[in-house]
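# Coordinate inspection notes
Spelled out from the first residue to the last, the chains are:
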Amino acid sequence: HRKSRHLQAYAFQEQLWNSGFDDLSSDRISVSRPVGVVPEWRMWLQEYVAGQDGWTLMKGPKNKDLASLIAQAVAKLAEVGVATDRTHTLEDELHLLELKFSELAESMPQLKSRLDNLLQKCHDLGETLAPSPDLGIHRDFYPDQVIYNRNRLFVVDHDLCCPGDPCLDIGNYCAHSLEKALRDSANSKSLLEFAQSLKQEFIEVYSVVGREQQISCTVDTFETISLARHIYLSTKFADRRPSTVAILELCESRLALTM
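Now for a quick tour of the structure. Computed from a predicted model, the values in this text were never measured in an experiment.

## What about the pattern of salt bridges?
Overall, the coordinates contain 14 salt bridges when judged by the stated rule. For the salt bridge of Arg33 with Asp23, the shortest nitrogen-to-oxygen distance reads 3.8 Å. With a gap of 10 residues between them, Arg33 in the loop between β1 (29-30) and β2 (34-38) and Asp23 in the loop between α1 (5-21) and β1 connect regions that are remote in the sequence. Taking the shortest distance from any N to any O, the salt bridge between Arg183 and Asp239 comes out at 3.9 Å. Here Arg183 is found in helix α6 (residues 166-183), whereas its partner Asp239 is found in the loop between α8 (212-234) and α9 (244-254), with 56 residues between them in sequence. Where salt bridges share partners, they join Lys199, Asp220, Glu223 and Arg254 into one cluster.

Spelled out as structure tokens, the structure:
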């Protein structure tokens, strides 16, 4: 008998809490304490965590500490692992991108040729990578998913956690930073610097000697694919629509595409 989703989510949060993600962990990386389940509501409860979100901290004096803790948090989740009946691979990311581009091409047919070329280049890029490991990943990791409180980092929203390549989490986080930098000229420098710092911190904590270049390339690949998905996402928010072509151009430039 398969557990209901809320029971699975609670059990996983409890597993994380008991695997070194409690609020007294020496590495200052935690999840919210799981409190219990309300069966009649099909809900589970966790303690509320106050603090600053990742967006705020990237632009502040704590950004170096934040980059280090985020890199360690992704590596820590990879080590703990996630036992689910699903995985998320590079192929899944590319398939998702293909679906989003297909939908976008219907609403913006003038971009179809460029989107097709970009998608092919993303596939080509993916083929250059070594097979991905099946380790624990967050799967939806970006600045809204971290809270910084009293020099401690809390990682939230684990609904999509599954086995995959931890480089995906870092690449996705960095892609959100790059996309935001395109729209926030006043803070673009700090956002870009943070993304670079996060990648470097992750390479240092996650890589073994001799694999630094491989990890760097894998993070960059996931970052590019995630950034490409932001072309589609930008059309779903009124304040982001003016940046659709700018994101497309940035992706093209990363893949050395000439149109």
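Here the narrative resumes.
## Structural notes on the packing of helix α7 (residues 188-206) against α8
Here α7 crosses α8 at 135 degrees, and the two axes come no closer than 10 Å. It follows from the interaxial angle that α7 and α8 lie oblique. Like other packed secondary-structure pairs, α7 and α8 cross with a definite hand, here right-handed. In this structure, α7 uses Lys199, Phe202, Ile203 and Tyr206 to contact α8, whose residues at the interface are Glu212, Ile215, Ser216, Val219, Asp220 and Glu223.

## Things to note about the packing of aromatic side chains
For the structure shown, the criterion picks out 4 aromatic pairs. Taking 5.2 Å as the distance between ring centres and 50 degrees as the angle between the ring planes, the aromatic pair formed by Phe141 and Tyr173 counts as tilted. With Phe141 in the loop between β5 (135-137) and β6 (146-149) and Tyr173 in helix α6, this residue pair connects regions lying 32 residues apart in the sequence. The burial state of Phe141 is the same as that of Tyr173; both residues are buried. Aromatic side chains Phe202 and Tyr206 sit 4.8 Å apart centroid to centroid with 15 degrees between the ring planes, which places their arrangement in the stacked category. One end of the pair, Phe202, and the other, Tyr206, are both in helix α7, 4 residues apart, so they sit about a helical turn from each other. Considered together, Phe202 and Tyr206 belong to a single accessibility category, that of buried residues. Chaining the aromatic ring pairs together yields one cluster made of Phe141, Tyr173 and Phe194. Here Lys76 stacks its cationic end above the ring of Phe21, 4.3 Å away from the centre of that ring.

## What to know about the nonpolar core
Ile70, Leu118, Leu153, Phe202 and Ile231 are the most contacted members of the largest nonpolar core, which has 65 residues in total. The residues contacting Ile231, other than those within four sequence positions of it, are Phe101, Leu104, Leu115, Leu118, Thr244, Ile247, Leu248 and Cys251.

## Considerations on a nonpolar patch on the surface
Residues Val35, Trp41, Met43 and Leu45 make up a contiguous nonpolar surface patch of about 420 Å² in total accessible area. With respect to the helices and strands, Val35 occurs in strand β2.

Cut-offs used in this document
Residues numbered from 1 in each chain as written. Predicted model: local features only at pLDDT ≥ 70, side-chain atom pairs only at ≥ 80, totals over all residues. Heavy atoms only, no water. Salt bridge = Lys/Arg side-chain N within 4 Å of Asp/Glu carboxyl O. Helix = DSSP H or I, 4+ residues; strand = E, 2+ residues; numbered from the N terminus. Axes fitted to C-alpha atoms, helices over the stretch in contact; angles between N-to-C directions. Parallel < 35°, antiparallel > 145°, perpendicular 65-115°, else oblique. Left-handed = near helix turned anticlockwise from the far one by under 90°. Contact = heavy atoms within 4.5 Å. Phe/Tyr/Trp six-rings, centres within 6.5 Å; stacked < 30°, edge-to-face > 60°. Buried < 20%, exposed > 50% of the residue type's maximum accessible area, 1.4 Å probe, protein only. Lys NZ or Arg CZ within 6 Å of the ring centre and 35° of its normal. Core = buried A, V, L, I, M, F, W, Y, C linked by side-chain atoms within 4.5 Å. Patch = residues over 30% accessible without salt bridge, like charges linked within 9 Å, V, L, I, M, F, W, Y side chains within 5 Å. Areas by Shrake-Rupley, 256 points an atom, 1.4 Å probe, with all protein chains shown as cover.

Remember that the coordinates give geometry; whether it matters functionally is a separate question.
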